[in-house]
Amino acid sequence: MRDLGVGFGHLLKGQRWMAGHGRSYGFGLLPGLITLVLYAAALTSLALWGEDAATWATPFADGWGSPWAGLFRGFLTAVLFALGLLLAVITFTAVTLLIGQPFYESLSERVDRDVSPDGSAPGSGLPLWRELWISARDSLRILVRAAVWGVLLFALGFLPFVGQTAVPVIGFFVTGFFLTEELTAVALQRRGVELRERLALLRSRRMLVWGFGTPLAVAFLVPFVAVFLMPGAVAGATLLARDLLDEDTDDAAVTSPPQSPPPSESPAPAR
């Protein structure tokens, strides 16, 4: 149970580190804002034309008497939008990380250098196109796994009582696990840790992963919150990755604001 608190602590430390590095924070907001606009457009389209899609998909209900056809199609429309919203929450991190790979790679390296006792940061040595390809490939594999879990939990949601109590809680833990995998991938991929190894590493300390990812999954349900928390989440995931690999971390560097260089003294102007 101790790992739950440690994982949550990494999440808070990441946000605290970002609060002390304002320029990096503004830099890290851009990918999230781009993704937010894209997702908002997709969900708006689903809300506007979801009923038409449900009508098109259920021609067998055309002959049903009133109000059954309308109720059935309205229910399907609500289910379709809820599923789209769930997939948006699950995939937001993956898409944002894919769009912002160069941004978050630079941010994660800076966190590594800042908290490393020797001031170094591991590097993959791969060209950018290769890193993008690996990130996209691994993200697709994770999204397939997340989609399977999403469909399963959606089906279990129809069970009486269990579907309204236990299933949503399980859903948050599942989402938190996949969020953590996507976020730690930025730092772990630079260290040459492959997807299968990453998953095994995360499963070995599930409490740590849930302590970090589950509160983040809950927070991401609030509109716009994901955008503003994402830079700090990447920073916190870098700290969590160091913990998973037992790398030494200078905790004082996380809580201390960056030191500004002393102003240079210039000679007084001649009179």
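Definitions and limits used
Residues numbered from 1 in each chain as written. Predicted model: local features only at pLDDT ≥ 70, side-chain atom pairs only at ≥ 80, totals over all residues. Heavy atoms only, no water. Helix = DSSP H or I, 4+ residues; strand = E, 2+ residues; numbered from the N terminus. Buried < 20%, exposed > 50% of the residue type's maximum accessible area, 1.4 Å probe, protein only. Contact = heavy atoms within 4.5 Å. Areas by Shrake-Rupley, 256 points an atom, 1.4 Å probe, with all protein chains shown as cover. Lys, Arg positive; Asp, Glu negative; His and termini not counted. Charge placed at Lys NZ, Arg CZ, Asp CG, Glu CD. Patch = residues over 30% accessible without salt bridge, like charges linked within 9 Å, V, L, I, M, F, W, Y side chains within 5 Å. Salt bridge = Lys/Arg side-chain N within 4 Å of Asp/Glu carboxyl O.

> Teacher, can you tell me more about the overall build of the protein here?
Along the backbone of the protein there are ten helices and zero strands. In the protein, the succession of α and β elements from N to C terminus is α-α-α-α-α-α-α-α-α-α. For the protein, the C-alpha atoms occupy an extent of roughly 95 × 55 × 35 Å along the three principal directions. Counting every position in the protein, which comprises 271 residues, the buried fraction comes to 39%. Sequence-distant contacts in the protein: of pairs separated by 6 or more residues, those separated by 24 or more amount to 79%. Per element, the accessible surface of the protein, about 14,600 Å² overall, is 69% carbon and sulfur. Across the protein, the 20 positively charged side chains and the 22 negatively charged ones have centroids separated by 1 Å.

> Got a minute to help me understand a positive patch on the surface in this structure?
Judged by side-chain charge, Arg-145, Arg-196, Arg-203 and Arg-206 come together as a positively charged surface patch. Within the secondary structure, Arg-206 is located in helix α8 (residues 206-219). In this structure Arg-206 comes out as partly exposed when scored by relative accessible area, which is 39%.

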